[in-house]
Amino acid sequence: MSDRTAVTLFSGGRGGASIARGLLRTPGIDLTLVINGYDNGRSTGALRRYLPGMLGPSDFRKNLLVHLDDRDPRQAALRSVLEHRLVAGTTREELGELVAEPAFPALPAEARTAITRDLAAFVRRLDSHPDGLDLTDCALGNLVFAGAYLRLGEDFNAAVRACARTFESPLGLVNVTSGENAFLVALKQDGRLLADEADIVAPQDAAAITELFLLREPVAAERRAELAARPVEEVRRILAGLRAPVSLSPEAGDAIRDADLLLYGPGTPHSSLLPSYLTPGVADAIAESRAAAKVFVVNTRDDHDVQGLSAPELVGRTLSYLGDPGNERGTVTHVLSHRAPEAPGVPSDVVAGGVWAGARWVTADLEDAERPGVHCGPRTVRALTEIADEAASAGVR
């Protein structure tokens, strides 16, 4: 790679973390992660219900952990704030005092000031709206994010930027959209509705997910029952009429177009990755990108939402969502997949020929030996570097 290489990675919360960490540790790389905010599980869902209009901060919070090294006391303290879970019975007074010196003694002074300021903004909301949120098990980092969101005029993307500064993130962390609120739902092949993101990532039957929708409002329980009684084509029409208007954020558009290496990272496809590609303008930005290599990184193991799909079928989903099912626009130039029996299957003719749908197919041993199911960051980055160098030398566009 050249002296400075801009790498943009479509990612989720943790699926691409080992690769992101490996890229950050590689000299000369400027890394940007493009994330969506449709998470609504556990305490994140409770927080979104409490603050109508706010996207889910959880995947952004998780990516603020990527650069933190527990061997450094100040970085360990920043991690502790991000990951700290509130115990049952935590009061608003206790919440406001949580970042005092005894709780996080090594916290950098500037970060402590910013975190205290944003928690105070959240506590003020609790004072004015005391009902509707149980603090039990809430991630403290999510509440810091929510406070920044409130303090900055309910501007989600401004909160992302503020929290990245507070937690000293060296990477570009951007929301794929301009911050419009939306709720993710999915339709399965058998007509069943998965009515929120938490259902999409949960264990489920083998019927394939066939379509995703971003809706203006969450689907209430009564509405779910009503839709379940209707024919699937009618449900599809109803959901299409409820679509939320979302737009590509300028930061995400620039990161995609200006990338030297563009990565479709691993993660839970129907929650972390494919929903990002629903954003109008993403496909065009990819087509306009200067990246010589646009690499799809296949998961090392199946996820609940894509159980049984082969690796080419997973790539095909991405191409379809990006409006390029035949890959005529060169949306994917390379595919990098893990070579192991438990990984999503790669047909023998693809392995032998090294090509699928016009994309070069590369297989390698990519799994972390100590963490099954997780990419080994250094090994994967080496493979990506070889792909990028080869593509740049060949002048692939």
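Preceding this section is the structure that the text describes.
Residues numbered from 1 in each chain as written. Predicted model: local features only at pLDDT ≥ 70, side-chain atom pairs only at ≥ 80, totals over all residues. Heavy atoms only, no water.

Asks: Account for the sheet that holds strand β5 (residues 193–194), with residues named and values stated.
Replies: Taken in spatial order, the 3 strands of this open sheet run β5-β4-β6, and their pairing is antiparallel. The outermost strands of the open sheet, each flanked by one partner alone, are β5 and β6 (209–215). (Pairing = 2+ DSSP bridges. Helix = DSSP H or I, 4+ residues; strand = E, 2+ residues; numbered from the N terminus.)

Asks: Go over the packing of helix α2 (residues 42–50) against helix α7 (residues 140–151), please, and point to the residues and values.
Replies: Where α2 meets α7, the axes come as close as 10 Å, and the angle between the chain directions of the two elements is 25°. Taken together, the axes of α2 and α7 are roughly parallel relative to one another. Read as a crossing pair, α2 and α7 show a hand that is right-handed. On α7, the residues touching Ser43, Thr44 and Leu47 of α2 are Asn142, Leu143 and Ala146. Residues belonging to the contact of α2 with α7 are distributed by class as follows: 3 nonpolar, 3 polar and no charged. (Axes fitted to C-alpha atoms, helices over the stretch in contact; angles between N-to-C directions. Parallel < 35°, antiparallel > 145°, perpendicular 65-115°, else oblique. Left-handed = near helix turned anticlockwise from the far one by under 90°. Contact = heavy atoms within 4.5 Å. Nonpolar A, V, L, I, M, F, W, Y, C, P; charged D, E, K, R; others polar.)

Asks: Explain helix α4 (residues 73–83) residue by residue, including any values.
Replies: What α4 keeps buried is the set Gln75, Ala76, Ala77, Leu78, Arg79, Val81 and Leu82. In this structure, the buried side of α4 is in contact with α3 (58–63), α6 (109–128), α7 and α8 (156–166). One side-chain oxygen of the residue at the start of α4 lies 3.0 Å from the amide nitrogen of Arg74, identifying that residue as Asp72. (Buried < 20%, exposed > 50% of the residue type's maximum accessible area, 1.4 Å probe, protein only. Polar contact = N/O pair within 3.5 Å; in protein donor to acceptor, adjacent residues only side chain to side chain.)

Asks: Please provide a residue-by-residue account of the pairing of strand β9 (residues 334–338), values included.
Replies: Burial runs high along β9: 5 of the 5 residues are buried. Side chains His334, Leu336 and His338 project from β9 onto one buried face, and the interleaved Val335 and Ser337 project onto a second face that is buried too. Bridge count for strand β8 (residues 293–297) against β9 is 3 bridges, and the pairing is parallel. Residue Phe296 lies in a different strand from β9, and its bridge partner there is Val335. For the crossover from β8 across helix α15 (residues 311–321) to β9, the handedness is right-handed. By the bridge criterion, 5 bridges tie β9 to strand β11 (residues 359–364) in an arrangement that is parallel. Within the sheet, the bridge partner assigned to His338 lies in β11 and is Ala364. (Right-handed = clockwise from strand over helix to strand, strands pointing away.)

Asks: So, the pattern of salt bridges: which residues are in play, and what are the values?
Replies: Using the criterion set out here, one finds 32 salt bridges in the structure. A salt bridge links Asp30 to Arg4; its shortest N-O distance comes to 2.4 Å. Here the residue Asp30 occupies a position in strand β2 (residues 29–35), and Arg4 occupies one in the segment before β1 (5–10), the gap between them amounting to 26 residues. Residue class for Arg4 comes out partly exposed when judged on its relative accessible area of 48%. Here Arg112 ties to Glu101 by a salt bridge, and the two come within 3.1 Å at their closest N and O atoms. With Arg112 in helix α6 and Glu101 in the loop between α5 (92–97) and α6, this pair connects stretches of sequence that are 11 residues apart. A relative accessible area of 44% means that Glu101 is categorised as partly exposed. Three or more residues joined by partner-sharing salt bridges are found here, namely Glu211, Glu233, Arg236 and Arg243. (Salt bridge = Lys/Arg side-chain N within 4 Å of Asp/Glu carboxyl O.)

Asks: Describe in detail the sheet that holds strand β7 (residues 261–264), supporting the description with residues and values.
Replies: The strand order across the open sheet built from 8 strands is β3-β2-β1-β7-β8-β9-β11-β10, with neighbouring strands paired in mixed fashion. Both edges of this open sheet fall to β3 (172–175) and β10 (355–356), since each of them pairs with a single strand only.

Asks: Before we move on, could you go through helix α12 (residues 250–257) and cite the residues and values that matter?
Replies: Where α12 is concerned, the buried positions are Ala252, Gly253, Ala255 and Ile256. The buried residues of α12 occupy an angular sector of 165° when the element is viewed end-on, so they sit on one face. Buried-residue contacts for α12 involve β1, β2, β3, β7 and α14 (282–288). (Arc of directions from axis to C-beta.)

Asks: A description of the nonpolar core should follow, citing residues and the corresponding values.
Replies: Ranked by size, the top nonpolar core spans 114 residues in total, and within it Phe10, Leu95 and Phe122 carry the most contacts. Looking at this core element by element, the count peaks at 8 residues for α7. Not counting the four nearest positions on each side in its chain, Phe122 is found in contact with Leu47, Tyr50, Leu51, Leu95, Leu133, Leu135, Leu143, Ala146, Gly147 and Leu150. Grouped together as the second largest cluster of nonpolar side chains are 11 residues, Leu187, Leu193, Ala195 and Leu239 included. (Core = buried A, V, L, I, M, F, W, Y, C linked by side-chain atoms within 4.5 Å.)

Asks: If you had to explain the side chain of Ser337 to someone new, which residues and values would you point to?
Replies: Within the element layout of this structure, Ser337 appears in strand β9. The class for Ser337 is buried, based on a relative accessible area of 1%. Side chain to side chain, Ser337 and Trp361 meet in a polar contact 2.9 Å long. Setting aside anything within four residues of it in sequence, one finds Ser337 in contact with Val298, Val346, Trp361, Val362, Thr363, Ala364 and Leu366.

Asks: Can you explain the packing of helix α1 (residues 17–24) against helix α17 (residues 377–394)? Please cite residues and give values.
Replies: Packing of α1 against α17 leaves a shortest axis separation of 8 Å and a crossing angle of 70°. As far as their axial angle goes, α17 and α1 are roughly perpendicular. In terms of crossing hand, the pair formed by α1 and α17 is right-handed. Residue-level contacts link Ser18, Ile19, Gly22 and Leu23 of α1 to Gly377, Thr380, Val381 and Leu384 of α17.

Asks: Any details on the environment of Val362? Residues and values, ideally.
Replies: Relative to the helices and strands, Val362 resides in strand β11. Spatially, the C-alpha atom of Val362 lies 16 Å from that of Glu313, the residues being 49 residues apart in sequence. Setting aside anything within four residues of it in sequence, one finds Val362 in contact with Val335, Leu336, Ser337 and Ile387.

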